[in-house]
Amino acid sequence: MNPGRRKKASRHDMREEASGQRTRGLPPADPSFGSLEQAYRRLEHLYEISKLFASFKSVAQSFDPALGILAKSLPLRSAVLIQTENGQSRMIIWPSELQDSERLRAVKEHAEASYAYLVGAKSTESLGLSEQPGETLLPRQERSEGDEEKRFIVIPLVVAEHSLFGALQLEGAMSLDKKDLTFVNAIANQLAIALERDRAWRRDITRREDAEEERAQAETRGAASERDRLVAESSSDRYEALARENAQLYRQAQVAVREREQILGVVSHDLRNPLSTIIMTTDALARQEATARRPELPVPKAVERIQRAAERMMRLIDDLLDFVNIERGHLSIKRQPNDAGALVNETLASFERVAQEHRLTMTAEVEPRLPPILCDRVRILQVLSNLVGNAAKVTAEGGHITLKVEAHGNQSVFAVADDGPGIRADDIKHLFDRYWRSGEAKYRGTGQGLAIARGIVDAHGGRIWVESEWGHGATFRFTVPLAEDVSAVATP
């Protein structure tokens with residue numbers, strides 16, 4: 001929000017206070033709520049980007065998708081990556097869609113001038129930069145008013161005691177602040193480590209091949225010349241030094257990953273505290289209003305909106321931590337014998353209000369005398385709730401959702417079927433990918449629910465899949481081992 005809009009909001013609040021329309025004793029809207037959600041999003045995107053850089057393959061395969069993730073947190077109009085290697089420099093440019101050539105020329109000139117300053121070049125011409133386009137077009141961004149220079153962030157690419165070998169320039173659609181700089185700097189630091197590690201690895205391979213070739217030639221000549229032997233040994237020494245350097249870069253990358261996970265834990269903890277306070281406060285306000293019975297005040301709706309937003313953010317944090325634990329193989333699973341039918345009925349009961357609001361019919365079909373299953377009750381309820389929640393979002397009013405469970409051999413098979421629009425064949429293969437959402441989806445979501453559900457089912461030793469035909473609904477199924485087949489379940 002710009003300063004002009006903040007002033008307008010303040011005058012509106014003053015008019016409300018003067019007329020006595022503001023409800024006394026109510027907490028004002030928390031201005032930091034939006035920044036908390038932005039912090040969560042940026043932490044999540046930083047985690048995804050750092051994973052790409054940890055297994056860096058090339059600029060096209062690793063930085064291009066990372067740039068796409070970055071653009072979700074920071075509205076970008078262009079990006080420029082400059083690299084210098086073996087005395088040659090190249091500049092890769094990623095413009096936004098429909099960006100005019102005049103503006104793009106100004107962006108390149110700014111990047112060239114900034115890099116010339118960083119490396120101490122006398123002129124931009126002396127850099128000898130070659131140009132090439134990036135493979136990804138950034139989403140179109142309308143430029144807002146503001147200080148032109150504050151739209152650019154330029155970060156030098158350098159690792160430890162090594163010399164500078166490049167720079168990353170990002171152009172925002174609006175003026176960028178210190179929080180944006182901190183976010184971009186964290187990404188640029190990890191990019192520098194990934195690029196330097198890749199460069200060292202390529203140098204390592206090249207020099208090792210040269211050393212092996214020299215050694216082979218010396219052996220062919222019978223190693224008659226002492227000079228040849230010394231040259232071969234010298235090449236071998238250089239190779240060993242480069243190998244040590246590459247190992248050091250690998251350790252630095254590992255440290256960066258650990259620091260990322262520490263940041264994830266700290267920020268998640270710091271986000272939980274204010275969210276817990278918001279949830280407890282709104283609960284207290286709701287109970288207080290219900291006791292006072294003052295329907296003329298619009299407090300309950302406001303409180304309910306705050307509660308829903310805070311609970312949604314808490315679920316997002318839990319989802320992020322769950323997925324991190326799934327990736328690391330540390331998801332906590334506490335297996336005990338449980339009644340599969342009771343889990344189905346408990347899930348249906350928790351969706352009674354949703355069914356009433358959306359005029360949906362939800363039924364359960366439980367096979368009689370089912371043997372108990374061996375599972376973590378809370379985690380399996382989490383999977384069922386995710387599947388039923390998704391079905392409720394896509395099923396039209398008057399539609400029907402069915403929960404089934406039956407025994408098949410040494411396992412129970414759960415199913416959630418709906419008569420919604422179904423899923424296209426091309427989309428089915430991506431359904432359980434993290435952050436993926438179909439272009440047909442009309443509801444909000446982070447794209448993590450089904451990925452987490454798969455991680456939970458996998459941790460139980462089961463599997464999850466979907467059966468659907470476009471226009472004819474969808475059925476999600478997953479398996480859980482029976483309690484009597486304990487030996488078939490992997491140890492957590």
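Note that this is a predicted model, so its numbers are computed, not measured. (Residues numbered from 1 in each chain as written. Predicted model: local features only at pLDDT ≥ 70, side-chain atom pairs only at ≥ 80, totals over all residues. Heavy atoms only, no water.)

Moving on to helix α4 (residues 101-119). Taking 1.5 Å of rise per residue, the 19 residues of α4 would be expected to cover 27 Å, and the 27 Å separating its terminal C-alpha atoms lies within 8% of that figure. Here α4 starts with a cap whose side-chain oxygen sits 3.3 Å from the backbone nitrogen of glutamate 102, and that cap is aspartate 100. (Helix = DSSP H or I, 4+ residues; strand = E, 2+ residues; numbered from the N terminus. Expected span 1.5 Å × (residues − 1). Polar contact = N/O pair within 3.5 Å; in protein donor to acceptor, adjacent residues only side chain to side chain.)

Remark: helix α10 (residues 377-394) packs on helix α12 (residues 449-459), axes separated minimally by 10 Å, with the N-to-C direction vectors making an angle of 150°. The two elements α10 and α12 cross, and the hand of that crossing is left-handed. Side by side, α10 and α12 meet where Arg379, Gln382, Val383, Asn386, Leu387 and Asn390 of the first sit next to Gly449, Leu450, Ile452, Ala453, Ile456 and Val457 of the second. Within the contact of α10 with α12, the residues separate by chemical class into seven nonpolar, four polar and one charged. (Axes fitted to C-alpha atoms, helices over the stretch in contact; angles between N-to-C directions. Left-handed = near helix turned anticlockwise from the far one by under 90°. Contact = heavy atoms within 4.5 Å. Nonpolar A, V, L, I, M, F, W, Y, C, P; charged D, E, K, R; others polar.)

Spatial ordering of the open sheet is given by β7-β9-β10-β12-β11, a layout of five strands whose pairing is mixed. Sheet topology places β7 (361-366) and β11 (464-468) at the edges, where each strand pairs with a single neighbour. Each strand axis lies, on average, 15° off the axis of its neighbour in the sheet, ignoring direction. One ladder, built from eight bridges, connects strand β10 (residues 411-418) with strand β12 (residues 474-481); its direction is antiparallel. For alanine 415, the partnering residue across the bridge sits in β12 and is arginine 477. Against the sheet, α10 contacts β7, β9 (400-408), β10 and β12, and its axis sits at roughly 20° relative to β10. (Pairing = 2+ DSSP bridges.)

Right, let's talk about unusual backbone geometry for a bit. The backbone of leucine 98 shows a phi angle near 60°, a positive value even though the residue is not glycine. For leucine 98, the position within the fold is in the loop between β2 (88-95) and α4. Positioned with a positive phi, arginine 359 is a non-glycine residue whose angle comes to about 55°. Topologically, arginine 359 is positioned in the loop between α9 (352-358) and β7. Arginine 359 gets classed as exposed once you look at its relative accessible area, which sits at 61%. (Buried < 20%, exposed > 50% of the residue type's maximum accessible area, 1.4 Å probe, protein only.)

Another point: the pattern of salt bridges. Inspection of the entire model under this criterion finds 14 salt bridges. With a closest N to O distance of 3.3 Å, glutamate 44 and arginine 41 form a salt bridge. With glutamate 44 and arginine 41 both in helix α2 (residues 33-54) and three residues apart, the pair spans about one turn of that helix. Judged by relative accessible area, which is 23%, arginine 41 ranks as partly exposed. (Salt bridge = Lys/Arg side-chain N within 4 Å of Asp/Glu carboxyl O.)

Turning our eyes to something else, we now look at the nonpolar core. Ranked by size, the top nonpolar core spans 41 residues in total, and within it Met362, Ile373, Ile401, Phe414, Val416, Phe476 and Phe478 carry the most contacts. Among the secondary structure elements, those contributing two or more residues to this core are α8 (340-350), β8 (373-375), α10, β9, β10, α12, β11 and β12. With eight residues, α10 is the largest single contributor of residues to this core. Discounting chain neighbours no more than four positions away, the residues touching isoleucine 401 are Leu360, Thr361, Met362, Thr363, Val388, Ala391, Ala392, Thr395, Val416, Ala417 and Asp418. By size, the runner-up hydrophobic cluster in this structure holds 37 residues, among which are Leu46, Ile92, Leu157 and Ala188. (Core = buried A, V, L, I, M, F, W, Y, C linked by side-chain atoms within 4.5 Å.)

Once that is clear, we can look at the side chain of serine 62. Summarising the element assignment, serine 62 is placed in helix α3 (residues 59-73). For serine 62, a relative accessible area of 3% translates into the label buried.

In short, shape yes, function no, at least from these values alone.
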